[in-house]
Amino acid sequence: MPEGHTLHRLAGLHRRRYVGRVVRVSSPQGRFDPSTVDGRVMRRAEAHGKHLFHVYGPDAVVHVHLGLYGTFTEHEHPVTEPVGQVRMRVVGEAHWTDLRGPTRCEVLTADEVAALRARLGPDPLRRDADPEAAYRRIARSTKSIGALLMDQQVVSGVGNVYRAEVLFRNGVDPLLPGNRVDRALWDALWADLVVLMRHGVRVGRIDTVRPEHLPEATGRAPRQDRHGGEVYVYRRAGQPCLLCATPVAAAELVGRNLFWCPTCQPAATGNRAAPRPSKVPG
C-alpha cells in the first residue's frame, strides 16, 4: 500500500496540472458518479495520510484511498480510449489522469471530509499537524510503538517502510510499549519522520540511509528491490545490518511484517510481548 509521501506527491502534481482550471471528470468503469464535479473548477488538491482529496467546492470533494491495488496513471494530451477498469478519469487543458483499482473513490461534502479527517492522526507532511495529539495517544497505550506507528488514527501516512526505518534510525525496540516512550524520544521520532517523508515527496521513493552508509561510501552493492531506495532493515531479513552486521530479524506484528536489528535496537526490559515469526522471508 502506498505510504503518505506518495499521496502528497500526487496532490502536488494534481495542483500544478488541474487546480484553478475547469476539468472533465468521468467514470469509464461506471462505478463512480462524477456528475456533481464534472465540468467544475478544481479548487484544491491535498492529502492527509493515505487519503487524497480533489476539492471542487464545499458540496463536492472527491475522496480517494488507493488501498493495496489502486494506482493513478498520468498522461499528456491527446486523450486516448480507456484501457482496463478505469474508475475515474480527470481531463484538464494539457494533461489527463486515470485512476484504477482504489479502495475508495467517492464524492463527499466538506462536513464529511472533516469527519473523516477527525478520525485520522496527525500527518507529518501537513503544516497543520499536531504531534502532541499523537503523543497523547501513544503515552497512554500499552500497545507497542511498532504497532502504534502503523495505526492511522495515531499517526497518519506512516506505513511499513517508514515504521521500520524510523525505529531503526533512532535505535528503538519496535516492541517497546507506547506508555514507555518518553517525550524526548517521541520528539526525535516525529522530527525524523518529517525529514524522511519530505524527502520521499521530493524524490518519489523512500530513502532512509545516511550518507556515510550509502553504497558509494561503504563499497557495498546497491539495494536490489522493487520498492527502490536505500534502507537499513525493511525487507532485509537475514541480511547483515549495515551498521553492526547482525542479521536483520523479521516477525509478524498486527498482521504486517516487522523488520529490525536485534543489536542496534536492543529489547527493552520489562513488558515486551514476543512477536509471531514472519511468514515472508524478506
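Thresholds, definitions, all that
- Residues numbered from 1 in each chain as written.
- Predicted model: local features only at pLDDT ≥ 70, side-chain atom pairs only at ≥ 80, totals over all residues.
- Heavy atoms only, no water.
- UniProt positions renumbered as here; feature names shortened; annotations may be inferred.
- Helix = DSSP H or I, 4+ residues; strand = E, 2+ residues; numbered from the N terminus.
- Buried < 20%, exposed > 50% of the residue type's maximum accessible area, 1.4 Å probe, protein only.
- Pairing = 2+ DSSP bridges.

- Looking at an unreviewed UniProt entry, one finds the protein chain named Endonuclease 8 1, with Saccharothrix algeriensis as its source organism.
- Taken from UniProt, the Sequence similarities (unreviewed entry) comment for the protein chain reads in full: "Belongs to the FPG family."
- Word for word, the UniProt comment on the protein chain under Catalytic activity (unreviewed entry) is "2'-deoxyribonucleotide-(2'-deoxyribose 5'-phosphate)-2'-deoxyribonucleotide-DNA = a 3'-end 2'-deoxyribonucleotide-(2,3-dehydro-2,3-deoxyribose 5'-phosphate)-DNA + a 5'-end 5'-phospho-2'-deoxyribonucleoside-DNA + H(+)".

### Examining the UniProt feature "domain: FPG-type" (unreviewed entry) in the protein chain
Okay, so step 1: Using the residue numbers shown here, the UniProt feature "domain: FPG-type" (unreviewed entry) corresponds to residues 232-266.
Okay, so step 2: In the segment residues 232-266, helix accounts for 0% and strand for 29%; the C-alpha atoms at its two ends are 16 Å apart.

### Section: the pairing of strand β2 (residues 44-48)
Okay, so step 1: Most of β2 is tucked away, with four of its five residues classed as buried.
Okay, so step 2: Summarising the sheet, β2 and strand β3 (residues 51-57) pair through five bridges and their orientation is antiparallel. The partner of Glu46 across the bridge, within β3, is Phe53.
Okay, so step 3: Counted along the chain from β2 to the antiparallel partner β3, the turn is two residues long, and its residue Gly49 has a positive phi close to 60°.

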